[in-house]
Every structure is written in structure tokens, then in C-alpha cells.
Amino acid sequence: MEISREARPTSGRRSRLALAGFAAAVFVAAAIGGLGVQGTTDEYASLRQPAWAPPSWLFGPVWTVLYALIAVAGWLVWRRVGFSPALWAWTAQLVLNAIWTPLFFGAGQYGLAFAEIVLMWLAIGVTVALFSRVSRVATALLLPYWAWVTFAAALNLSIWQSNT
């Protein structure tokens, strides 16, 4: 069953405020993650990593772009169907996103972080499936995020296996 692709009538001001709200939600998730990585650059560099591991400086720019895409995707779905099951899934994956970084970097719990990132990957998949019923654009905006989390999960697993 496909949800109507007609945009819900929203005022320009209400729509801009909603976009700001989605950006704020994503910013909070990013900030929680940022707190989890403060002062961990040396720790990350000291871990046994696969040859395909990116340098630590790359994570910030990649996540900045991905967080912007996540916020816009959520906002686009909200504009079409309001706060629906699709946005509950969006919220769940965002909460899981915020939890992963403190687990991996802050607590050094690589195995637990891997289990958590698998849950996040699944939650993103559910979000993508639900978004696909509402907005092709919103769905497409989440695909780079899902791909990066796939890569991050593989990296997490490799680091966990190499450092236990």
C-alpha cells in the first residue's frame, strides 16, 4: 500500500520550523556522538585496523554530509505524511546512531558496539523501506547513510576481532 505522494499542506513558516526541528534532532545525535569521540584520535590510531580503514580525519566531513541528508530525508517524509510510522523508524535509527559512538570510542566496547551497529543497520533498512512508500527522494537521501553504516559495521567487526 503506497501512501499518497501529495504533499501535506504546510505553511512556509511551519515547514521551515519543522526542518529546523529535524536538523536539531540530528544535531543532538551528532553532539552525543561527538562527546563520545573527544580525545580519542590517538586511541583510534593505536588500534589494529584493516588496511582499508579510513584515516580518522575523514569521519567528521563524511558524517556532516550524512547528518544533513538524514535531516532533510526525515523532513521530506514529515511534509508528506506527518509524524507517521516511517518517522518513528527514523527516530529509532537516530537514537541508535547516537548510542554507537560512545559505545565504540568512549567505552571501547567493540563487541557491544558491533551488536548495536547491526541493530542500527536494520533500523535504517526499516526506515528506508517505510520511506520508499512516501518519497523516492527521501529514500535516496538515506542510501549513502546506509552504505556508510554498512562500511562502518564491517570496520567495527574487523577492529573488534583484531583487538581482542
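Right above here is the structure, for reference.
What you are looking at is a predicted structure, and each value in this text was computed from that prediction instead of being measured. (Residues numbered from 1 in each chain as written. Predicted model: local features only at pLDDT ≥ 70, side-chain atom pairs only at ≥ 80, totals over all residues. Heavy atoms only, no water.)

Undergrad: Explain the packing of helix H4 (residues 85-106) against helix H6 (residues 136-162) to me, using residue names and the numbers behind them.
TA: Packing of H4 against H6 brings their axes to within 13 Å, and their N-to-C directions diverge by 30°. Of the possible angle classes, the one that applies to H4 and H6 is roughly parallel. Here H4 and H6 pass one another in a crossing that is left-handed. For the pair formed by H4 and H6, the contact residues are Gln 93, Asn 97, Trp 100 and Phe 104 on the first element and Tyr 145, Asn 156 and Ile 159 on the second. (Axes fitted to C-alpha atoms, helices over the stretch in contact; angles between N-to-C directions. Helix = DSSP H or I, 4+ residues; strand = E, 2+ residues; numbered from the N terminus. Parallel < 35°, antiparallel > 145°, perpendicular 65-115°, else oblique. Left-handed = near helix turned anticlockwise from the far one by under 90°. Contact = heavy atoms within 4.5 Å.)

Undergrad: Which residues make up the environment of Gly 21, and what values go with them?
TA: The topology assignment puts Gly 21 in helix H1 (residues 12-37). Assessed through its relative accessible area of 38%, Gly 21 is described here as partly exposed. The spacing of Gly 21 and Ala 71 is 50 residues in sequence and 8.8 Å in space, taken between C-alpha atoms. (Buried < 20%, exposed > 50% of the residue type's maximum accessible area, 1.4 Å probe, protein only.)

Undergrad: Kindly report on the nonpolar core, identifying the contributing residues and their values.
TA: Of all hydrophobic cores here, the largest spans 49 residues; its most connected members are Phe 131 and Tyr 145. Broken down by element, the residue count for this core peaks at 12 residues, all from helix H3 (residues 59-81). Discounting residues that sit within four places of it in the chain, Phe 131 has contacts with Ala 73, Gly 74, Val 77, Ala 86, Leu 87, Trp 90, Ala 138, Thr 139 and Leu 142. (Core = buried A, V, L, I, M, F, W, Y, C linked by side-chain atoms within 4.5 Å.)

Undergrad: If you had to explain the packing of H3 against H4 to someone new, which residues and values would you point to?
TA: Two numbers describe how H3 lies on H4: the axes approach to 10 Å, and their chain directions differ by 160°. When the axis of H3 is compared with that of H4, the two are roughly antiparallel. You can see that H3 and H4 cross each other, and the crossing is left-handed. Two secondary-structure elements touch here, H3 through Trp 63, Tyr 67, Ile 70, Ala 71, Gly 74, Val 77 and Trp 78 and H4 through Ala 86, Leu 87, Trp 90, Gln 93, Leu 94 and Asn 97. Tallied by class, residues from the contact of H3 with H4 come to 10 nonpolar, 3 polar and no charged. (Nonpolar A, V, L, I, M, F, W, Y, C, P; charged D, E, K, R; others polar.)

Undergrad: How would you summarise the packing of aromatic side chains if you had to cite specific residues and measurements?
TA: Within this structure, the stated rule accounts for 15 aromatic pairs. Ring geometry for Tyr 44 against Phe 59: centres 5.6 Å apart, planes inclined by 85°, an arrangement best described as edge-to-face. Taken as a pair, Tyr 44 in helix H2 (residues 41-46) and Phe 59 in helix H3 lie far apart in primary sequence, 15 residues in all. Accessibility expressed as a relative area gives 5% for Tyr 44, which makes it buried. Ring geometry for Trp 121 versus Trp 146: centroids 5.2 Å apart, planes at 40°, classification tilted. One end of the pair, Trp 121, is in helix H5 (residues 110-132); the other, Trp 146, is in helix H6, with 25 residues separating them in the sequence. (Phe/Tyr/Trp six-rings, centres within 6.5 Å; stacked < 30°, edge-to-face > 60°.)

Undergrad: Could you give an account of the side chain of Ser 135, naming the residues involved and the relevant values?
TA: Structurally, the position occupied by Ser 135 is in the loop between H5 and H6. Classification of Ser 135 as buried rests on a relative accessible area of 4%. A polar contact of 3.4 Å, which involves the side chain of Ser 135, links it to the backbone nitrogen of Val 137. (Polar contact = N/O pair within 3.5 Å; in protein donor to acceptor, adjacent residues only side chain to side chain.)

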